Amino acid sequence: MVVCGGYDLDHESDDEVCLSTVFQWLPGTGAWSALPDLPASRSEAASVRLPDGRTMLIGGRNDEGVALNSVLVLAADGSAWSDLPPLTTFRSSPAAAVLPDGKVLVAGGTQSDGRWNPDMWSCSSPSRSLNTAELWDPETQRWTALPPMAEQRFAAAACVLSGGRVAVLGGSYTVQANQIIPRHHTFTHFDGEVFDPVTRGWRPLGPAAASPRRRRWIAGRPRPAAGAEMAFEHGNLSIVAVPGGLVLVGVKNNNDCNELYDEESEQWFQLPHPMVHAREGAGLALAPVAAMVAGAATVAARLLTDSERR
């Protein structure tokens, strides 16, 4: 596992400080070890593991809060970072996934010049959310623009479903609330979209969802336990593909709302048991049971609920 960049809070100034440090964790070592630093500090980048073992770091923002289009790759042995061709669009907080053929899909994100209003409900910068997408081909080493998603999404999550389709889920979007004094408000999605690498087109995840306007005005209200949309809005979530669908972990307004999407029925279902701790922006990954040593399995059995183990 490799952890790249991110940001830390300077407790003296309350400023968010971008990091350039990189660490790795190797199974069996029980400790983190340092890898070469990034060429420059960055946070809110997307990252994926390429089939050849390299780590790709995509977009993000720098210390000034400016969105980046640069793409870096860490050698499989962790020895050094190198540049890849830049994205066609500057993106902070994009979603990314590796297709079965090794191509990399990047979708959504935001663009910003870094001027942020500390008012948590609005910003005066020209930051805007994106619905554009692009694809990296390892053979040509080029990024190609794709048809846009139906919705603008930043801080969304992506994973590869059965048949090689890619689900891009949740995330948020901004709208301008005042035409005279530019102020932007952020709303969060209840739905997702699926990219088909064969047709190179997007479609809703599940049956046609409610219109963006309807979602906007009912933001924050709980949804039915099962349906074509998620029960809750998720702007900072984690998802992972499982046989027959995907699992979502995320929290909104203190609601513990972990959900399962079933591809066959095209329905969302809330998991029947809450996690021990509500988690927003958590990491999520599949861990083969056979890879767990007996001691770790015993600890997990004591600490995790049945829902979390599954």
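Residues numbered from 1 in each chain as written. Predicted model: local features only at pLDDT ≥ 70, side-chain atom pairs only at ≥ 80, totals over all residues. Heavy atoms only, no water.

Asker: Looking at this structure, I do not really get the confidence of the model for the chain. What am I missing?
Answerer: In regions of low pLDDT, the predicted coordinates are not meant to be interpreted in detail. Residues at a pLDDT of 70 or more form 76% of the chain, whose mean pLDDT is 81. Within the model, pLDDT remains below 50 along residues 209-226, and this stretch shows 41 contacts once partners closer than five positions in the same chain are excluded. (pLDDT = per-residue confidence, 0-100. Contact = heavy atoms within 4.5 Å.)

Asker: Just checking my understanding: could you explain the pattern of salt bridges for this structure?
Answerer: Working definition: two side chains of opposite charge can pair if their charged atoms are close together. With the rule as written, the count across this model stands at seven salt bridges. With a shortest N-O distance of 3.0 Å, Glu134 and Arg91 are connected by a salt bridge. Of this pair, Glu134 sits in strand E14 (residues 133-137) while Arg91 sits in the loop between strand E9 (81-84) and strand E10 (95-98), and the two are 43 residues apart along the sequence. Assigned by exposure class, Glu134 and Arg91 land together as buried. (Salt bridge = Lys/Arg side-chain N within 4 Å of Asp/Glu carboxyl O. Helix = DSSP H or I, 4+ residues; strand = E, 2+ residues; numbered from the N terminus. Buried < 20%, exposed > 50% of the residue type's maximum accessible area, 1.4 Å probe, protein only.)

Asker: Looking at this structure, I do not really get the packing of aromatic side chains. What am I missing?
Answerer: Scanning all chains against the criterion turns up four aromatic pairs. Here Trp136 and Trp143 contribute two aromatic rings whose centre-to-centre distance is 6.4 Å and whose plane-to-plane angle is 40°, an arrangement assigned as tilted. Comparing Trp136 with Trp143, the two get one shared label, buried. A centroid spacing of 5.3 Å and a plane angle of 50° characterise the contact between Phe195 and Trp202, whose relative ring orientation is tilted. Like Trp202, Phe195 is buried. Directly above the ring of Tyr7 sits Arg61, whose terminal nitrogen or CZ lies 5.6 Å from the centroid. (Phe/Tyr/Trp six-rings, centres within 6.5 Å; stacked < 30°, edge-to-face > 60°. Lys NZ or Arg CZ within 6 Å of the ring centre and 35° of its normal.)

Asker: Can you help me understand the side chain of Gln111 in this one?
Answerer: If you trace the backbone, Gln111 turns up in strand E12 (residues 110-111). Given the relative accessible area of 18%, Gln111 is considered buried.

Asker: Please explain the sheet that holds strand E20 (residues 192-196) as it appears in this structure.
Answerer: One key point about sheets: their strands pair by backbone hydrogen bonds, in either a parallel or an antiparallel sense. Strand order in the open sheet formed by four strands is E16-E17-E20-E21, and the pairing between neighbours is antiparallel. The open sheet terminates on both sides in strands that have one partner only, identified here as strand E16 (157-160) and strand E21 (201-204). Going across the sheet, the axis of each strand differs from the next one's by a mean of 25°, ignoring polarity. Direction of pairing for strand E17 (residues 166-169) relative to E20: antiparallel, over a ladder of four bridges. Each residue of the ladder has a partner; that of Val168, found in E20, is Glu193. (Pairing = 2+ DSSP bridges. Axes fitted to C-alpha atoms, helices over the stretch in contact; angles between N-to-C directions.)

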